[in-house]
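Chain and residue survey
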There are 2 protein chains.
Amino acid sequence: MSIQQSPFARKLGAFVALSGEELSALDRLHGRRKTFPAGRDIVHEGQVNHSAYILASGWVCSYKLLSGGTRQIVDFQIPGDFLGLRSVLFRTADHNIEPVTKVEASEVPAADLLATFGKTPRLATAVLWAASRDEAMVVEHLVGIGRRDAKERTAHFLLELGARLKLVGLATASGYACPLSQYMLADALGLSAVHINRELRELREDGLVTFQHGKVEIHDLDGLVALADFDKTYLDHDGPLLK
Amino acid sequence: MSIQQSPFARKLGAFVALSGEELSALDRLHGRRKTFPAGRDIVHEGQVNHSAYILASGWVCSYKLLSGGTRQIVDFQIPGDFLGLRSVLFRTADHNIEPVTKVEASEVPAADLLATFGKTPRLATAVLWAASRDEAMVVEHLVGIGRRDAKERTAHFLLELGARLKLVGLATASGYACPLSQYMLADALGLSAVHINRELRELREDGLVTFQHGKVEIHDLDGLVALADFDKTYLDHDGPLLK
DNA sequence: CGATCAGACTGATCTGCCTCAGTATACCAT
DNA sequence: ATGGTATACTGAGGCAGATCAGTCTGATCG
């Protein structure tokens, strides 16, 4: 029940050892708790002066639409993740945020965020750290889409998701619950849904992973890691980097 | 000769109106001026406890290598850009940084950077802003590689580069000097060099842009913007966001 | 309890981009 | 001059993944 228990506080604490005062400043950041139904955008591109959110439960995805009507999902956010930092900093959102499931999140008003950064610099540094980790993830997606083939990319995606979920206690080494449809996977991986389906079947037939009925089950972790050339160091590190 | 003139200070000033004291703290960040020859990596993946740099002249690229031997260039950095922030924050580099041309850069020791963030929170916020702009750029590359075809992607790339260079006075509306080879373009855009060559020829034959002899000349800006579905708002904004 | 609909899945065909295998050209060192 | 090396450029052929056009299943609902 202490504030350290919040997944977001735990995440920042992994970067910067936060004092009691900093933790309570972080706690005061959590504004109204809001609930969003699946499917209707929380934030849409071009929207100005909206709030950021700290995700408490449920999954969301961040995506951009192109003029042709196609979309590219940039990333999925899971509980403990910070939503819309970039959009708040720039006052106008440069991407859309859509709940994948029903979502609960704490609102963080933009003004509060900036004021808190000014007063508690170590918290600002911690958020910079968290933002950098998110960027590292986007970079990894870029590399995947640019240079990995469909099978490697799919395997890599499932492994990354598993590693992230494990950090917040929502996955084990053998699998996790995953509410994504194959269409969403396709939009995230830069593939067609048809092709995702075939790649998932191959991964299943190879005895590596199954992704069925909202569950990902990893049957051969080593094989999957080898296939995807997966190196999770960009997601994790040991101990606070700043004491 | 005042410190506001430095391209990096100018860039941060676009985000946060910096006081004289903050500007001189920023100035003290600039450590030894170093020169690097083209082609030999400044930082390589896995390297620990290296410095960050503020690029004074020349171009560099940030890239990752995959096990198969292919590489993906994540971004190019031009004068005024900050190099290796993410790698410094995480103590170990997650990507390589290679000079495209001969490069001059000021070293920024990691410890100085973190100490300065602690003492001048508004500077930390400004750097968070700059980092967010970089992330927005990576996101745009991700969208491009995921959902734009080769021609659109190439056009978009040339436009983005032009817009960035214009911000630091290295481009006009009609073109800019560009030291990149077609191989580098290919590695950045997730295409083969052969295909880049054909797309450049098409863009030339369509009367949109030429990229020859180290110069990009834009002949039909509107046509190019329309083809690439280019929206430069992610690169720019008007006036400091924090007074 | 049949209708409707979203998601999973499949076969056939098409195409954008890759790979291979060169030639052409400029620049550098000797 | 002369060979060497990097980059630009081209044609032919192949393949990964897209597109099209479905079927099948399980949930939801009037």
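Procedures and definitions
- Each chain carries its own residue numbering, running from 1 in the written order of its sequence.
- Chains and ligands are labelled sequentially in the order written, the chains with letters from A and the ligands with numbers from 1.
- Only residues with pLDDT of at least 70 get local features here, since the model is predicted, and only at 80 or more are side-chain atom pairs given and counted; chain-wide, interface and lining totals rely on the full set of residues.
- UniProt positions are given in the numbering used here, feature names are shortened, and annotations may be inferred rather than shown by experiment.
- Helical segments are the DSSP runs of H or I of at least four residues, strand segments are the runs of E of at least two, and each set is numbered from the N terminus.
- As used in this record, a residue near a molecule or strand is one whose C-beta atom, placed from the backbone, is within 6 Å of it.
- For each domain, the first and last residues come from an automatic or database assignment.
- Residue polarity follows a fixed list, in which Ala, Val, Leu, Ile, Met, Phe, Trp, Tyr, Cys and Pro are nonpolar, Asp, Glu, Lys and Arg are charged, and the others, Gly among them, are polar.
- Between the N-to-C directions of two axes lies an angle of 0 to 180 degrees, each axis being a line fitted to C-alpha atoms and, for a helix, fitted only over the stretch in contact.
- In what follows, roughly perpendicular refers to angles from 65 to 115 degrees, roughly parallel to angles under 35, roughly antiparallel to angles over 145, and oblique to any angle outside these ranges.
- Here, residue contact means that the backbone-derived C-beta atoms of the two residues sit within 7 Å.
- Only strands that DSSP links by at least two bridges are regarded as paired with each other.
- Three exposure classes are used, based on other C-beta atoms lying within 10 Å of a residue's own C-beta, which is placed from the backbone: buried for 20 or more, exposed for 12 or fewer, and partly exposed in between.

1. So, the UniProt feature "domain: Cyclic nucleotide-binding" (unreviewed entry) in chain A
UniProt records the feature "domain: Cyclic nucleotide-binding" (unreviewed entry) at residues 14–90 of chain A, using the numbering of this structure. In residues 14–90 of chain A, the share of helix is 19% and the share of strand is 32%. The end C-alpha atoms are 26 Å apart.

2. Observations regarding the protein's contact with DNA strand C
Contacts to DNA strand C come from 14 residues, most closely from Gln-182 of chain A together with Asp-149, Ala-150, Ser-192 and His-195 of chain B. Contributions of two or more residues to the surface near DNA strand C are made by helix H7 (182–189) and helix H8 (193–205) of chain A together with helix H8 (193–205) of chain B.

3. Describing the domain arrangement of chain A
All names here are of chain A. Taken domain by domain, chain A comprises domain 1 (3–133) and domain 2 (148–234). Computed from C-alpha coordinates alone, the two centres of domain 1 and domain 2 are separated by 25 Å. Residue assignment for the side of domain 1 that touches domain 2 shows that the elements contributing at least two residues are strand S3 (60–65) and strand S4 (71–77). The element contributing the most residues to the side of domain 1 that touches domain 2 is S4, with 3 residues. Its residues placed into classes, the side of domain 1 that touches domain 2 shows 8 nonpolar, 3 polar and 1 charged.

4. A few points about the packing of helix H6 (residues 150–167) of chain B against H8 of chain B
All names here are of chain B. Here H6 crosses H8 at 75°, and the two axes come no closer than 10 Å. Looking at the two axes, H6 sits roughly perpendicular to H8. For the pair formed by H6 and H8, the contact residues are Ala-150, Lys-151, Thr-154 and Ala-155 on the first element and His-195, Ile-196, Glu-199, Leu-200, Glu-202 and Leu-203 on the second. Of the residues contributing to the contact of H6 with H8, the split by class is 5 nonpolar, 2 polar and 3 charged.

5. Topic: the protein's contact with DNA strand D
Near DNA strand D you find 14 residues, and of these Asp-149, Ala-150, Ser-192 and His-195 of chain A together with Gln-182 of chain B are the closest. Elements that contribute at least two residues to the surface near DNA strand D include exactly H8 of chain A together with helix H7 (182–189) and H8 of chain B. Looking at the surface near DNA strand D, the element that brings in the most residues is H8 of chain B, giving 4 residues. Residue composition of the surface near DNA strand D, by class: 6 nonpolar, 6 polar and 2 charged.

6. What to know about the interface of chain A and chain B
Taken together, the 39 residues of chain A in the interface contact 39 residues of chain B. Sorting elements by how many residues they give to the side of chain A that touches chain B places helix H5 (residues 121–147) of chain A first, with 19 residues. Of the residues in the side of chain A that touches chain B, the class split is 21 nonpolar, 10 polar and 8 charged.

7. Structural notes on the UniProt feature "domain: HTH crp-type" (unreviewed entry) in chain A
Residues annotated in UniProt with the feature "domain: HTH crp-type" (unreviewed entry) correspond here to residues 148–222 of chain A. For the annotated span residues 148–222 of chain A, helix accounts for 55% and strand for 17% of the residues, and the straight-line distance between the end C-alpha atoms is 18 Å.

8. Digging into the sheet that holds strand S6 (residues 96–99) of chain A
Taken in spatial order, the 3 strands of this open sheet run S4-S3-S6 (chain A), and their pairing is antiparallel. Single-partner strands in this sheet number two, and they are S4 and S6 of chain A. Each neighbouring strand pair of the sheet contributes to a mean axis angle of 30°, computed without reference to strand direction. The sheet contact formed by S3 of chain A and S4 of chain A spans 6 bridges and is antiparallel. When the bridges of S4 of chain A are listed, Tyr-63 of chain A appears paired with Ile-73 of chain A. Helix H5 (residues 121–147) of chain B rests against S3 and S4 of chain A of the sheet, and its axis sits at about 130° to S4 of chain A.

9. A few points about the sheet that holds strand S6 (residues 96–99) of chain B
Residue and element names in this part refer to chain B. Sheet architecture is open: 3 strands sit in the order S4-S3-S6, paired in antiparallel fashion. Both outer strands of the open sheet, strand S4 (71–77) and S6, are each paired with one neighbouring strand and no more. Strand-to-strand, the axes of this sheet are offset by a mean angle of 30°, without reference to chain direction. Of the strands in this sheet, strand S3 (60–65) and S4 touch H7, which is tilted by about 105° from S4.

10. What about the environment of Asp-220 of chain A?
Residue and element names in this part refer to chain A. You can see Asp-220 is positioned in the loop between strand S11 (215–218) and helix H9 (221–228). Overall, the presence of 14 C-beta atoms within 10 Å leaves Asp-220 in the partly exposed class. It is 9.3 Å that separates the C-alpha atoms of Asp-220 and Asp-206, two residues lying 14 residues apart in sequence. Setting aside its immediate chain neighbours within four residues, Asp-220 contacts Gly-207 and Leu-208.

11. Section: the environment of Leu-203 of chain B
Residue and element names in this part refer to chain B. Mapped onto the secondary structure, Leu-203 falls in helix H8. With 22 C-beta atoms counted inside 10 Å, the residue Leu-203 sits in the buried group. In sequence terms Leu-203 and Ala-186 are 17 residues apart; their C-alpha atoms lie 15 Å from each other. The residues touching Leu-203, leaving out its near neighbours within four places in the chain, are Lys-151, Thr-154, Ala-155, Leu-208 and Val-209.

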